[in-house]
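# Structural overview for review
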Amino acid sequence: MTPLRIGNASGFYGDRFSAVREMLTGGPLDVLTGDYLAELTMLILGRDLLKDPSAGYARTFLRQMEEGLGLAHERGVRIVANAGGLNPAGLADALRALAAKLGLPTRVAHVEGDRLPPEPGELTANAYLGGAGIAACLAAGADVVVTGRVTDAALVTGPAQWHFGWGPEEYDRLAGAVVAGHVLECGTQATGGNYAFFREHGHKALLRPGFPLAELYEDGSAVVTKHPGTGGVVDVGTVTAQLLYETSGARYAGPDATARLDSVRLTQDGPDRVRIDGVRGEAPPPTLKAGRCRLGGHRNEVVFVLTGLDVDAKAALVREQVGAALAAAPPAEVRWELARTDREDAATEETASALLRLVVRDQDPEKVGRTLTGAVIELALASYPGFHVTAPPGRGSPYGVFETAYVPAADVPHTAVLPDGTRLAVPVPPATRALEPVPEPELPPPLPAGPVRNVPLGRIAGARSGDKGGDANVGVWVRTDAEWRWLVHTLTVDLFRELLPETEELEVVRHVLPQLRAVNFTVAGILGEGVASQARFDPQAKALGEWLRSRHLDIPEELL
């Protein structure tokens with residue numbers, strides 16, 4: 001059976017606008033997907049929907065379709081995107097109106113049922129659906145399928161089920177599509193974007209990475225590549241990095257199948273081609289992950305600039321002054337962080353300066369707004385020498401909280417709304433399997449003792465990190481068997497905590513993935529209440545892995 005060529009044109013709401021046109025005109029495709037939803041996006045769309053009941057979807061996608069519908073029609077490409085957000089029916093109607101305006105016979109379908117009854121105080125509540133509803137829409141002749149909250153991988157598993165006719169219990173094939181979907185979902189992160197070893201490929205190659213596509217085969221294997229002539233790089237390293245992104249253990253669960261990441265084999269299949277095979281799958285869990293967003297209160301922040309001498313004393317003075325000014329009505333949460341970005345005897349004022357960041361939170365907008373603003377402004381002529389801030393304090397703004405929950409799959413009315421309006425109930429999987437950790441794999445023998453050099457971990461190891469609610473993951477991989485023998489015995493949870501002191505008091509779990517020569521750490525609670533609450537300097541843990549790579553430790557000289 002011919003492979004399914006499935007591409008990606010969006011990794012988030014706000015990604016490169018021209019990617020739809022680039023993917024539709026850059027080479028042959030059967031299906032073009034787009035991922036527009038993330039935890040923060042659901043909060044944004046929820047606030048949009050409060051203001052306008054006809055909103056709640058990614059309007060950027062609709063604008064992209066002003067050109068994309070015609071290009072897709074000319075080339076026979078189906079389009080599948082989760083841009084429907086909280087209102088997939090509304091987006092489907094808008095697409096039909098657009099197609100009529102353009103004179104195109106585009107058949108539009110959508111998938112719904114993911115929205116859950118909100119609990120008191122919640123803005124949004126959505127279950128993560130699988131790909132079966134998408135498959136049903138495509139089988140009914142849809143040219144465009146828009147969904148609400150589905151898993152990122154469902155944008156690939158759905159078209160694969162439709163194209164190959166896989167049954168719901170063909171777990172190895174479905175798991176192969178899950179892995180391919182996970183590689184594609186973040187767009188150019190699979191083609192060299194945000195890549196730890198970017199210097200090896202040079203700036204020119206990575207100035208404008210092309211978006212990825214996968215040739216998906218009937219047995220569930222895939223080849224990840226990109227259109228000819230586009231920028232970026234596809235190699236085992238870039239695909240490994242994306243595989244480790246926002247995952248945890250060896251079992252990567254989804255509504256269609258649970259993929260065993262410890263079974264994945266990656267091999268270079270030619271220039272800018274990486275083959276994925278060997279993926280084993282298991283029945284999905286009996287529950288669906290759900291995301292719940294609520295408004296957590298109001299927040300504000302001020303960044304004080306401390307220049308030159310006596311940085312610690314300047315910080316202590318302004319902290320005490322602000323604390324005294326807020327003492328009568330203190331915010332519920334006050335957090336200070338001093339970033340010593342300054343250098344001694346610096347050649348520029350900016351490099352002579354440190355940054356002192358104040359973040360306050362409270363349910364009362366006054367406590368983080370006018371009260372804080374007044375306290376800071378009144379210090380302009382009455383505090384440390386050189387007093388200034390990066391920006392005047394504002395009124396404060398609401399912040400969101402994202403929470404993960406799990407609901408029985410049978411309680412979620414997964415529904416495919418076909419192009420003719422027929423509503424088709426999507427059945428739950430015929431079998432399920434509760435998630436449990438896999439046994440610790442057998443480790444290779446450690447490297448023999450020898451001379452070492454104290455250098456950054458990143459000299460030999462790559463890393464990629466990201467967020468899942470309030471937790472973070474850091475995937476670390478190496479590229480040779482000798483490096484793997486050293487890494488897996490050296491980078492323990494204890495050493496991880498030592499290298500990243502901010503994790504010392506948190507729960508850290510290590511997962512070992514020998515086939516990828518990788519260890520994946522999950523750090524519970526480091527992001528507080530999630531990205532929408534902006535509780536940390538790096539609220540999505542995007543650079544946590546790069547911090548780890550910058551830390552020095554003793555590495556055998558034979559590996560350097």
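Just above, that's the structure.
It should be emphasised that the depicted structure is a prediction, and the values quoted were computed from it without experimental measurement. (Residues numbered from 1 in each chain as written. Predicted model: local features only at pLDDT ≥ 70, side-chain atom pairs only at ≥ 80, totals over all residues. Heavy atoms only, no water.)

### What about the packing of helix 3 (residues 59–75) against helix 4 (residues 88–102)?
Contact pair helix 3 / helix 4: the axes reach a minimum separation of 10 Å and the direction vectors enclose 35 degrees. Classified by chirality, the crossing of helix 4 by helix 3 is right-handed. Contacts from Phe61, Leu62, Met65, Glu66 and Leu69 of helix 3 reach helix 4 at Leu91, Ala94, Leu95, Leu98, Ala99 and Leu102. Within the contact of helix 3 with helix 4, the residues separate by chemical class into ten nonpolar, no polar and one charged. (Axes fitted to C-alpha atoms, helices over the stretch in contact; angles between N-to-C directions. Helix = DSSP H or I, 4+ residues; strand = E, 2+ residues; numbered from the N terminus. Left-handed = near helix turned anticlockwise from the far one by under 90°. Contact = heavy atoms within 4.5 Å. Nonpolar A, V, L, I, M, F, W, Y, C, P; charged D, E, K, R; others polar.)

### Thoughts on the packing of aromatic side chains
On inspection of all chains with the given rule, the structure shows nine aromatic pairs. When the ring of Phe304 is compared with that of Phe387, the centres are 5.9 Å apart and the planes differ by 65 degrees; the resulting orientation is edge-to-face. Here Phe304, found in strand 14 (residues 287–307), pairs with Phe387, found in the loop between helix 12 (370–377) and strand 17 (388–389); they are 83 residues apart in sequence, far enough to count as distant. With relative accessibility at 17%, the residue Phe387 sits in the buried group. (Phe/Tyr/Trp six-rings, centres within 6.5 Å; stacked < 30°, edge-to-face > 60°. Buried < 20%, exposed > 50% of the residue type's maximum accessible area, 1.4 Å probe, protein only.)

### Section: the sheet that holds strand 13 (residues 280–282)
Ordered in space as 9-10-13, the three strands form an open sheet in which the pairing is antiparallel. Two strands lie at the open edges of the sheet, namely strand 9 (251–252) and strand 13, each paired on one side alone. Where strand 9 and strand 10 (residues 258–260) come together, two bridges link them in antiparallel fashion. In the strand pairing of strand 10, Arg251 is matched with Arg260. Strands in contact with helix 7 (residues 171–184) are strand 9, strand 10 and strand 13; relative to strand 13, the strand with the most contacts, it is inclined by about 110 degrees. (Pairing = 2+ DSSP bridges.)

### Regarding the pattern of salt bridges
Under the definition given, this model contains 36 salt bridges. With a shortest N-O distance of 3.4 Å, Arg173 and Glu218 are connected by a salt bridge. With a gap of 45 residues between them, Arg173 in helix 7 and Glu218 in the loop between strand 7 (212–216) and strand 8 (222–226) connect regions that are remote in the sequence. Arg173 gets classed as partly exposed once you look at its relative accessible area, which sits at 28%. Among the salt bridges present, the one from Asp481 reaches Arg517, with a minimum N-O distance of 3.0 Å. Within this pair, whereas Asp481 is found in helix 13 (residues 481–490), its partner Arg517 is found in the loop between strand 24 (508–513) and strand 25 (518–523), the two being separated by 36 residues in sequence. Accessibility expressed as a relative area gives 27% for Arg517, which makes it partly exposed. Linked by salt bridges that have partners in common, Arg251, Arg260, Asp262, Glu282, Arg433 and Glu436 make up one network. (Salt bridge = Lys/Arg side-chain N within 4 Å of Asp/Glu carboxyl O.)

### What about the pairing of strand 8?
Along a regular strand, successive side chains alternate from one face of the sheet to the other. Across the five residues of strand 8, five count as buried, placing the element largely inside the fold. Going residue by residue along strand 8, you find Ala222, Val224 and Lys226 tucked away on one face and Val223 and Thr225 tucked away on the opposite face as well. The sheet contact formed by strand 7 and strand 8 spans five bridges and is antiparallel. Of the residues in strand 8, the one forming a bridge with Leu216 is Ala222. The turn linking strand 7 back onto strand 8 is made up of five residues, and Gly220 within it adopts a positive phi angle of 95 degrees. As paired elements, strand 8 and strand 12 (residues 274–277) share three bridges and run antiparallel to each other. Looking across to strand 12, one finds that Val224 is bridged to Val274.

### A look at the state of the cysteines
Considering all chains together, one arrives at zero disulfides under this definition. Considering cysteine sulfurs only, Cys293 is the nearest to Cys186, which forms no disulfide, with 18 Å between them. (Disulfide = S-S within 2.5 Å.)

### Some points on the packing of helix 5 (residues 132–139) against helix 6 (residues 154–164)
When two helices pack together, you describe them by how their axes are tilted relative to each other and by the distance separating the axes. Taken N-terminus to C-terminus, the directions of helix 5 and helix 6 make an angle of 45 degrees; their axes are 7 Å apart at the nearest point. As judged from the angle between their axes, helix 5 and helix 6 are oblique. As helix 5 packs across helix 6, the resulting crossing turns out to be right-handed. Taking contact as the criterion, the partners of Ala132, Ile134, Ala135, Leu138 and Ala139 in helix 5 are, on helix 6, Ala154, Leu155, Gly158, Pro159, Gln161 and Trp162. Grouping the constituent residues of the contact of helix 5 with helix 6 by class yields nine nonpolar, two polar and no charged. (Parallel < 35°, antiparallel > 145°, perpendicular 65-115°, else oblique.)

### Digging into helix 9 (residues 236–244)
Of all nine residues in helix 9, eight are buried; the element is thus mostly enclosed. Three or more residues of helix 9 are buried, namely Gly237, Thr238, Val239, Thr240, Ala241, Gln242, Leu243 and Leu244. Glu246 sits one or two positions beyond helix 9 and adopts a positive phi of about 55 degrees.

### Digging into helix 5
By the criterion of burial, helix 5 is predominantly enclosed, with six of the eight residues buried. Every buried residue belonging to helix 5 is among Gly133, Ile134, Ala135, Ala136, Cys137 and Leu138, and all of these are buried. On its buried face, helix 5 sits against strand 3 (78–81), strand 4 (108–112), strand 6 (144–147), helix 6, strand 19 (415–417) and strand 20 (423–425). Residue Gly141 follows helix 5 closely and has a positive phi angle near 100 degrees.

### Structural notes on a negative patch on the surface
A contiguous patch of negative charge, built from Asp494, Glu498, Glu504 and Glu505, is present on the exposed surface. Here Asp494 is to be found in helix 14 (residues 493–499). Residue Asp494 is classed as exposed on the basis of its relative accessible area of 60%. (Patch = residues over 30% accessible without salt bridge, like charges linked within 9 Å, V, L, I, M, F, W, Y side chains within 5 Å. Areas by Shrake-Rupley, 256 points an atom, 1.4 Å probe, with all protein chains shown as cover. Lys, Arg positive; Asp, Glu negative; His and termini not counted. Charge placed at Lys NZ, Arg CZ, Asp CG, Glu CD.)

### A closer look at the nonpolar core
Judged by nonpolar contacts, the single largest core of 41 residues is most densely connected at Cys137, Val145 and Leu216. At the level of elements, strand 1 (4–8), strand 4, strand 5 (122–127), helix 5, helix 6, helix 7, strand 7 and strand 14 are the ones that each hand at least two residues to this core. Leu447, Val488, Val493 and Leu548 belong to the second-largest nonpolar core, a separate cluster that totals 33 residues. (Core = buried A, V, L, I, M, F, W, Y, C linked by side-chain atoms within 4.5 Å.)

### Considerations on the environment of Arg357
Considering the arrangement of structural elements, one finds Arg357 in strand 16 (residues 353–362). Since its relative accessible area comes to 13%, Arg357 is described here as buried. For the pair formed by Arg357 and Leu491, sequence separation is 134 residues and the distance between their alpha carbons is 32 Å. At 3.3 Å, the side chain of Arg357 and the side chain of Glu301 are in polar contact. (Polar contact = N/O pair within 3.5 Å; in protein donor to acceptor, adjacent residues only side chain to side chain.)

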